[in-house]
Amino acid sequence: MLPGVLLISHGSRDQTWVSMVDEAVSHVTLREDLPMAVSFLELVDGRLIQDGIDELEHAGVTDIIVIPLFVSSGSTHIDEIEYALGAKPVPERETDLEPFRVTARVHYGYPVDDDPDIAQMLWDKVRELSKHPERETLLLVGHGSRHEGFRQRWEQGISSLAARVREVSGLAAADYGLLNPDTVRSRVQYWQEQGHDVLVAPLFLSEGYFTKVVIPQRLEGLDYAYSGQTLLPHPLLPRWIERQVEAALEQLME
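Residues numbered from 1 in each chain as written. Predicted model: local features only at pLDDT ≥ 70, side-chain atom pairs only at ≥ 80, totals over all residues. Heavy atoms only, no water.

Some points on the packing of aromatic side chains
For step 1, the next point in the chain: All chains considered together, the criterion is met by six aromatic pairs.
For step 2, the next point in the chain: For the ring pair tyrosine 190 and tryptophan 191, a centre distance of 5.1 Å and an interplane angle of 85 degrees mean the geometry is edge-to-face.
For step 3, the next point in the chain: Ring geometry for tyrosine 224 against tyrosine 226: centres 6.3 Å apart, planes inclined by 55 degrees, an arrangement best described as tilted.
For step 4, the next point in the chain: Of the aromatic side chains, those joined through ring pairs into one cluster are Phe204, Tyr209 and Phe210.
For step 5, the next point in the chain: Arginine 153 extends its terminal NZ or CZ atom over the ring of phenylalanine 150, reaching a point 5.0 Å from the ring centre.
For step 6, the next point in the chain: For the cation-ring pair, arginine 187 lies above tyrosine 190, with the distance from its terminal atom to the ring centre recorded as 4.6 Å. (Phe/Tyr/Trp six-rings, centres within 6.5 Å; stacked < 30°, edge-to-face > 60°. Lys NZ or Arg CZ within 6 Å of the ring centre and 35° of its normal.)

This is the structure in C-alpha cells:
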C-alpha cells in the first residue's frame with residue numbers, strides 16, 4: 001500500500017488565489033514522505049482534479065486521501081466531487097461533473113466546518129478590530145446555499161464555528177449571516193439594536209469578489225468593522241491539513 005494526498009480546492013482565475021493555496025500546502029509536514037498533489041475543481045488549466053489523480057497514480061499511489069479545502073459541508077461542490085471520485089454512489093443534487101478516472105482507493109475527508117484551528121484563525125484575523133470586547137459581537141459571513149439539506153449543513157457548521165470563536169475571543173457574542181439566503185444585513189441590525197458593536201469576518205478561503213464587493217454592498221450604510229481578511233494566509237491552515245491526513249493514515253493502518 002502506498003498512500004498519497006490529493007488536496008482539492010475550488011480554483012480561481014486569479015493567480016494570487018492559487019498561489020496562496022500552494023503556499024499553505026508547501027508548509028505541510030507529515031510523518032511520512034507521501035506523494036501530494038494540489039488540484040482545483042475549475043479555472044486552473046493543467047491542475048484540475050483529474051490531473052491530480054493522474055499525477056498520484058503515476059507515482060504508484062494505491063490509496064488517495066482526499067482533503068476538500070472548502071469551508072462548509074453545505075457546499076454542493078463537496079457532494080459532487082465525492083460522487084465523481086466514486087466515494088459515494090449517487091450525488092444528492094444533479095451535477096454536470098463527470099466521474100473521474102481513478103483506480104486507487106479513495107478516502108474522502110472533510111471540509112473546514114467548525115474546526116477549532118479555524119476558529120482561532122478567524123479570531124486572529126479580526127482581533128485588531130476589537131476595542132470594547134464586552135459589548136462586541138463577531139458576525140461570521142458565509143456563502144450559504146439555497147438548496148434544502150445543504151443550507152442546513154451550512155447553518156449547523158457556521159453556527160458551531162461562531163460558538164468556538166466566541167470562546168476563543170471572549171467577545172460578548174458571536175453569530176453568523178449567510179449570503180444565500182441573505183441574512184447578513186438583518187443580523188448586523190439585530191445586534192446593533194442590542195447595543196453591540198459588530199465585527200464582521202468573512203468565512204472564505206481567499207479574498208475575491210464576495211469579500212471585496214458583495215459583503216460591503218449588503219451592509220452599505222450600516223456602522224460595522226470589517227477587515228475583509230480571509231482564512232489564507234495563516235500558519236494554522238497547514239496544521240489543519242496535517243491533522244486530517246494523519247487521522248486518515250491511522251485509519252488506513254488499522
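Describing the nonpolar core
Note on soluble globular proteins: their nonpolar side chains tend to be buried together.
For step 1, the next point in the chain: Ranked by size, the top nonpolar core spans 48 residues in total, and within it Val21, Leu237 and Val245 carry the most contacts.
For step 2, the next point in the chain: Per-element tally for this core: the top contributor is helix α8 (residues 236-253), with eight residues.
For step 3, the next point in the chain: Ignoring anything within four residues of it in the chain, the contact list for leucine 237 reads Ala24, Leu69, Ile118, Met121, Leu205 and Leu232.
For step 4, the next point in the chain: Formed by 19 residues, the second largest nonpolar core is a distinct cluster that contains Ile8, Ile64, Leu85 and Ala104. (Core = buried A, V, L, I, M, F, W, Y, C linked by side-chain atoms within 4.5 Å. Buried < 20%, exposed > 50% of the residue type's maximum accessible area, 1.4 Å probe, protein only. Helix = DSSP H or I, 4+ residues; strand = E, 2+ residues; numbered from the N terminus. Contact = heavy atoms within 4.5 Å.)

Things to note about the pattern of salt bridges
For step 1, the next point in the chain: Applying the stated criterion across every chain yields a total of 15 salt bridges.
For step 2, the next point in the chain: Its salt-bridge partner being glutamate 92, residue lysine 88 comes within 3.4 Å of it at the nearest N-O pair.
For step 3, the next point in the chain: With a closest N to O distance of 2.8 Å, aspartate 175 and arginine 187 form a salt bridge. Here aspartate 175, found in strand β6 (residues 173-180), pairs with arginine 187, found in helix α6 (residues 184-193); they are 12 residues apart in sequence, far enough to count as distant. (Salt bridge = Lys/Arg side-chain N within 4 Å of Asp/Glu carboxyl O.)

Quick notes on the environment of glutamate 136
For step 1, the next point in the chain: Looking at where glutamate 136 falls in the secondary structure, it is placed in strand β5 (residues 136-144).
For step 2, the next point in the chain: Distance from glutamate 136 to glycine 170, taken between C-alpha atoms, is 9.6 Å for residues 34 residues apart in sequence.
For step 3, the next point in the chain: Every residue in contact with glutamate 136, bar those within four places of it in the chain, is listed here: Leu129, Ser130, Lys131, Leu171, Ala172, Ala173, His196, Asp197 and Leu199.
For step 4, the next point in the chain: At 2.9 Å, the side chain of glutamate 136 and the backbone nitrogen of histidine 132 are in polar contact. (Polar contact = N/O pair within 3.5 Å; in protein donor to acceptor, adjacent residues only side chain to side chain.)

Some thoughts on the sheet that holds strand β7 (residues 197-202)
For step 1, the next point in the chain: One open sheet holds the four strands; their spatial order is β6-β5-β7-β8, and the pairing between them is parallel. Each of the sheet's edge strands pairs with one partner strand only, and the pair in question is β6 and β8 (225-226).
For step 2, the next point in the chain: As paired elements, β7 and β8 share two bridges and run parallel to each other. Its bridge partner lying in β8, leucine 199 is registered against alanine 225.
For step 3, the next point in the chain: Its contacts with the sheet place helix α5 (residues 150-169) against β5 and β6, and it is angled at close to 150 degrees to β6. (Pairing = 2+ DSSP bridges. Axes fitted to C-alpha atoms, helices over the stretch in contact; angles between N-to-C directions.)

What about unusual backbone geometry?
For step 1, the next point in the chain: The omega angle of the peptide bond from asparagine 180 to proline 181 is -15 degrees, so this bond is cis rather than trans.
For step 2, the next point in the chain: Mapped onto the elements of the fold, proline 181 is located in the loop between β6 and α6.
For step 3, the next point in the chain: For the bond running from leucine 232 to proline 233, omega is 0 degrees, close enough to zero to count as cis.
For step 4, the next point in the chain: Note on placement: proline 233 falls in the loop between β8 and α8.
For step 5, the next point in the chain: Positive phi, close to 75 degrees, is recorded for leucine 43, a residue that is not glycine.
For step 6, the next point in the chain: Along the polypeptide, leucine 43 turns up in the loop between β2 (36-40) and α2 (49-58).
For step 7, the next point in the chain: For leucine 43, a relative accessible area of 33% corresponds to the partly exposed category.
For step 8, the next point in the chain: Here aspartate 113, not a glycine, exhibits a phi torsion of approximately 45 degrees, which is positive.
For step 9, the next point in the chain: By secondary structure assignment, the location of aspartate 113 is in the loop between β4 (105-108) and α4 (116-126).

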